[in-house]
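If you want the building blocks of each chain, they are given just below.
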Amino acid sequence: MEESLYPAEELNHKNDSLFLKSELNKAKNSLNLSRIKTITLILLLVNVIMLHIDITKFMKFWGEIVNYKYLFFSHILIVVFLISYLWINKNRHLLMIYRKNPILFDRILIYIYINMVLLWCVFLAVNAQGTHKQLSAYIIGIFCLASGLIQSPYESALTYLTSLIVFILLLFKIKLTPLEVSGHVINVAFLIALGIGIARIGYSSFVNSIKHRRIIQNQNLQLKNSQKHLEEAVKAKTEELTIANQSLLHEIDLRHAAEIAAIKEKLLCEEKSMLLEEAREYEALRNHFLANISHELRTPLNVILSAQQIIHSIIHNDGVEGNKINKILRHNNTIKQNCFRLIRLLNNIIDITKIDIGSLSLDVHNHNIVQVVEDITLSVVTFAEAKNISIIFDTEVEECLVACDPEKIERIMLNLLSNAIKFTPSEGYIYVNIYIQANMVVISVKDTGMGIPYEMHDKVFQRFVQVDSSMKRRQEGSGIGLSLVKLLVELHNGSIRLVSALGKGSEFIIELPITIIDDTQITSNIKASDATNNDKIERVTIEFSDIYF
């Protein structure tokens, strides 16, 4: 019986060895092809750069040093070879020889690639003897191929010794002294021996990993078979127990189903309530934090602005020696404009935060909305003219009393007008129209600017949303102006909408209800109209501070 089994065992061992060898070659080819692709792309990039250097830096020396000319053509040839290799590797499945024996074809392709690259490095090293006398290209090629690719000891020895023979022949051809040839040969022979050693270590590690993987696969297969038998036994026993306990489980499930559903619903409601409360607390904390930090930022900004005003006063009252005054004034104006920009941003943040926490109230009195809007529009004409833009104001009614907060109306109009000036090109137009429609006063701000895409119409009123949100956008802005405008309009129980198309300008339409409050509250209307012209100019300047003229 033992004699009959022995040949079968030997045959199985032989089949396993053949399978392992085939698997080893297949895995080695796959890994090498993957790494060669990376090496090829790197070599292509390096050679393209070197070709540029050859043309721009060394071509003028071709007549004096012919080695630079040889270097240029070597780069051309290796680029052609690398591109050809990539094409063959990508389309090798179309070749008949690959379909017959893909493993052998890949081994031949890899062997050709390694030898061609190594021989190219040999040529570079020999060609360098006419310039800087270095062997760096050959040395780098040996160590890159030895450490980066997987080769058997016989393959690596054959490859490197072949390259050494070619290297020695080329050294004799360029007529070096015997001492130089012997020195180069000794150095390269030592490095080749080291490269063969590195290749052997890499190959041994790779073979061991394949063997270990094969062992693990066999053990996993045995475990799967054992697990399968165990699962079948457990499954049979489980079916018996399931049949025996099925009626009992069904009765228990019916009894507790209602109780479990009620408990889950109660826990879910409690969890949602807790999450909602936590979210409210967090939102309140965030809003209070924004309010506090905005006030904290405003204080140093006021100090900076005061210092700027003092500098301005010194310049104009005391004078400055020499020609420094223009430079000081220019930087002084930059400080002032950026202070206004930050004040504008902080004002917007403070107002939005106050609206969120419900602490922003309107100072509402009866005002002639036509006069309010016209005064605001005329106050920005000089800014528009600085950009060669025409503002046209028109109204269908001369007077319309509306209960409103004139300061908030001014904020709304200045924001819309600054956006219109910002995005309208030179020689463009801005139209401000007022008319009555269905017990509503309608204010229209229309420009001939770049327009807004249809998909952005709803988003422009969201916080921190901008039509052009890139860091390289042509106009400045924080993305909260239109959001604040919408909130201020809604505080007046009004609405705002956008009519626009890309390349056809934009029109913002505000609708406010025509309501009148008791006459006893009109007293502050006189105070609001008595604001100084300087205060109005400063408010306009702050609102237009992110526009550079």
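Keep in mind the model is a prediction, meaning the values are calculated, not measured. (Residues numbered from 1 in each chain as written. Predicted model: local features only at pLDDT ≥ 70, side-chain atom pairs only at ≥ 80, totals over all residues. Heavy atoms only, no water.)

Enquirer: Is there a simple way to think about the environment of L301 in this case?
Expert: By the secondary structure assignment, L301 is in helix 7 (residues 178–317). Exposure remark for L301: the relative accessible area of 8% places this residue in the buried category. Each C-alpha atom, one on L301 and one on C339, is 6.5 Å from the other, the two residues being 38 residues apart in sequence. L301 has contacts with L342, I343 and L346, leaving out every residue within four places of it along the chain. (Helix = DSSP H or I, 4+ residues; strand = E, 2+ residues; numbered from the N terminus. Buried < 20%, exposed > 50% of the residue type's maximum accessible area, 1.4 Å probe, protein only. Contact = heavy atoms within 4.5 Å.)

Enquirer: Would you mind showing me how to read unusual backbone geometry here?
Expert: Among all residues except glycine, the phi angle is most often negative; among peptide bonds, the trans geometry is most common. Even without glycine at this site, N388 takes up a positive phi of about 60°. Inspection of the secondary structure assignment puts N388 in the loop between helix 10 (381–386) and strand 2 (390–395). Using a relative accessible area of 43% as the deciding quantity, one classes N388 as partly exposed. Of note, E427 is a non-glycine position whose phi angle comes to about 70°, a positive value. Inspection of the secondary structure puts E427 in the loop between helix 11 (406–422) and strand 4 (429–437).

Enquirer: Explanation requested: the pattern of salt bridges in the structure shown.
Expert: For side chains of opposite charge, pairing can occur when their charged atoms come near one another. A complete count under the given rule lists six salt bridges for this structure. Two residues, E155 and R107, come together in a salt bridge whose shortest N-O distance is 3.0 Å. Taken together, the positions of E155 in helix 6 (residues 153–173) and R107 in helix 4 (residues 102–127) put the pair 48 residues apart, joining distant regions of the chain. Notably, a salt bridge pairs E490 with K486, separated by 2.5 Å at the nearest N-O pair. Highlighted residues: E490 and K486, both in helix 12 (residues 481–491), separated by four residues, approximately one helical turn. A residue is classified by how much of its surface remains accessible, and K486, at 29% relative accessible area, is partly exposed. The network of salt bridges with shared partners includes K28, R107 and E155. (Salt bridge = Lys/Arg side-chain N within 4 Å of Asp/Glu carboxyl O.)

Enquirer: Explain the sheet that holds strand 2 here, please?
Expert: Judged by pairing direction, the sheet is mixed, and its five strands sit side by side in the order 2-4-5-7-6 without closing on themselves. Two strands bound the open sheet, and with one partner strand each, they are strand 2 and strand 6 (495–500). Going from strand to strand, the sheet's axes swing by 15° on average, the running direction of each strand aside. The pairing of strand 5 (residues 440–447) with strand 7 (residues 506–513) spans seven bridges and is antiparallel. (Pairing = 2+ DSSP bridges. Axes fitted to C-alpha atoms, helices over the stretch in contact; angles between N-to-C directions.)

Enquirer: Would you mind going over the packing of aromatic side chains with me for this structure?
Expert: Geometry of an aromatic ring pair is reported as the spacing of the ring centres plus the angle between the planes. In the structure shown here, the tally under the stated rule is six aromatic pairs. On the numbers, 4.7 Å between centres and 50° between planes, the contact of Y85 with Y113 is tilted. In this pair, Y85 sits in helix 2 (residues 66–91) while Y113 sits in helix 4, placing the two residues 28 residues apart along the sequence. Residue classification places Y85 among the buried residues on the basis of a relative accessible area of 3%. (Phe/Tyr/Trp six-rings, centres within 6.5 Å; stacked < 30°, edge-to-face > 60°.)

Enquirer: Please explain the confidence of the model for the protein as it appears in this structure.
Expert: Any residue range with low pLDDT should be treated as having predicted coordinates unsuitable for detailed reading. Summarising the model, the protein shows a mean pLDDT of 78, and 81% of its residues fall at 70 or more. In this model residues 1–14 is a low-confidence stretch, pLDDT under 50, and it forms zero contacts with partners more than four residues away in sequence or in other chains. With pLDDT under 50 throughout, residues 469–474 is counted as low confidence; its partners more than four residues away or in other chains account for four contacts. (pLDDT = per-residue confidence, 0-100.)

Enquirer: Sorry if this is basic, but what is going on with the pairing of strand 1 (residues 365–368) here?
Expert: In the case of a regular strand, side chains alternate between the two sheet surfaces. Side chains of strand 1 alternate between two faces, with H365 and H367 and N366 and N368 buried alike. Across four bridges, the pairing between strand 1 and strand 3 (residues 401–404) is antiparallel. Note that in strand 3 the partner of N366 across the bridge is A403.

Enquirer: What's the story with the environment of D106 in this structure? I'm lost.
Expert: With respect to the secondary-structure elements, D106 resides in helix 4. You can call D106 buried: its relative accessible area is 8%. Separated by 78 residues in sequence, D106 and K28 place their C-alpha atoms 9.8 Å apart. Excluding anything up to four places from it in sequence, D106 contacts N29, L33, R92 and Y98.

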